[in-house]
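Spelled out, the chains give:
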Amino acid sequence: MSKILLHTCCAPCALPILDYFKSNGNISNITLFFFNPNIYEEEYIKRLEYVKKVGEHYGASVIEGKNDHDVWLDYLKNNLDNDLKSYLENELRCQFCFKFRLEESIMYAKNNGFDGFCSTLQTNLYKDTEFIIDEAKKLCEKYGLEFVELSLDKKIAYEKGKELCKELDIYRQKFCGCEFSKSVVQ
Ligand code: SF4
């Protein structure tokens, strides 16, 4: 695979994956794609800033996807029956949030000459990674892209991310990102 788009939710999750690609000699094939219109206001700016810092450290380009929070909110409202506030993390609201970000990112990859795709969500300690991996695989198949499996244990990836954040002075957020998750500290 010559060009892999890595959908990137934040710097702490990207670090162990970039480290992994660096150790297996594939770092030059990676482009980070920051597509997270779910992240609320100033938090979005802060997370993007640190993703750029991490990209620079590993010599990987960072592309910012379209950031329209209202489009993301409308997508959720159109797919869910209940008040968005009423869902717990990893329930249906999050599943649609994952689907939205994955599908848009995979379409971007397809339309911009990438042949492989993966997401930092695949190894996120706090997320339903089984659901995410299954969904990403299905969407890659739908759009004719190769899905890149990451042979990384999520607990080990989390610890590695913590260690690298300290080393590189990277901000580690305490909540998922949208307005509904602000009070849920991780
Ligand atoms: S809690 Fe996180 S995954 Fe769930 S809807 Fe909010 S931003 Fe998306």
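Note that the structure is predicted; figures quoted are calculated from it, not measured.

Thresholds, definitions, all that
- Residues numbered from 1 in each chain as written.
- Predicted model: local features only at pLDDT ≥ 70, side-chain atom pairs only at ≥ 80, totals over all residues.
- Heavy atoms only, no water.
- Phe/Tyr/Trp six-rings, centres within 6.5 Å; stacked < 30°, edge-to-face > 60°.
- Helix = DSSP H or I, 4+ residues; strand = E, 2+ residues; numbered from the N terminus.
- Buried < 20%, exposed > 50% of the residue type's maximum accessible area, 1.4 Å probe, protein only.
- Lys NZ or Arg CZ within 6 Å of the ring centre and 35° of its normal.
- Core = buried A, V, L, I, M, F, W, Y, C linked by side-chain atoms within 4.5 Å.
- Contact = heavy atoms within 4.5 Å.

**Points about the packing of aromatic side chains**
- One pass over the structure, following the stated rule, counts 10 aromatic pairs.
- Between F33 and Y108 the ring centres are 4.4 Å apart and the planes differ by 20°, which places this aromatic pair in the stacked class. With F33 in strand β2 (residues 30-34) and Y108 in helix α4 (residues 92-111), this pair connects stretches of sequence that are 75 residues apart.
- On the basis of relative accessible area, Y108 is assigned to the partly exposed category, the value being 25%.
- Considering the side-chain rings of F35 and F100, the 5.9 Å spacing of their centres and the 35° angle between planes classify their relative orientation as tilted. Taken together, the residues F35 in the loop between β2 and α2 (41-58) and F100 in helix α4 connect sequence positions 65 residues apart. The same class applies to F35 as to F100, namely buried.
- Positioned above the aromatic ring of F114 is the side chain of K3, whose terminal nitrogen or guanidinium carbon lies 4.4 Å from the ring centre.
- Residue placement shows R47 over the ring face of F175; its charged tip is 5.4 Å from the ring centre.

**Re the nonpolar core**
- Ranked by size, the top nonpolar core spans 32 residues in total, and within it W72 and F117 carry the most contacts.
- For this core, the secondary structure elements donating two or more residues are α3 (69-79), α4 and α5 (129-143).
- Broken down by element, the residue count for this core peaks at 8 residues, all from α4.
- Here F117 is in contact with I4, L5, H7, L102, S105, I106, C140, L145, E146, F147 and V148, once residues within four sequence places are set aside.

**Focus: the side chain of T123**
- Mapped onto the fold, T123 is located in the loop between β4 (116-119) and α5.
- Residue classification places T123 among the buried residues on the basis of a relative accessible area of 7%.
- When residues no more than four places from it in sequence are discounted, the contact partners of T123 are I17, T129, L150, L152, K154 and A157.

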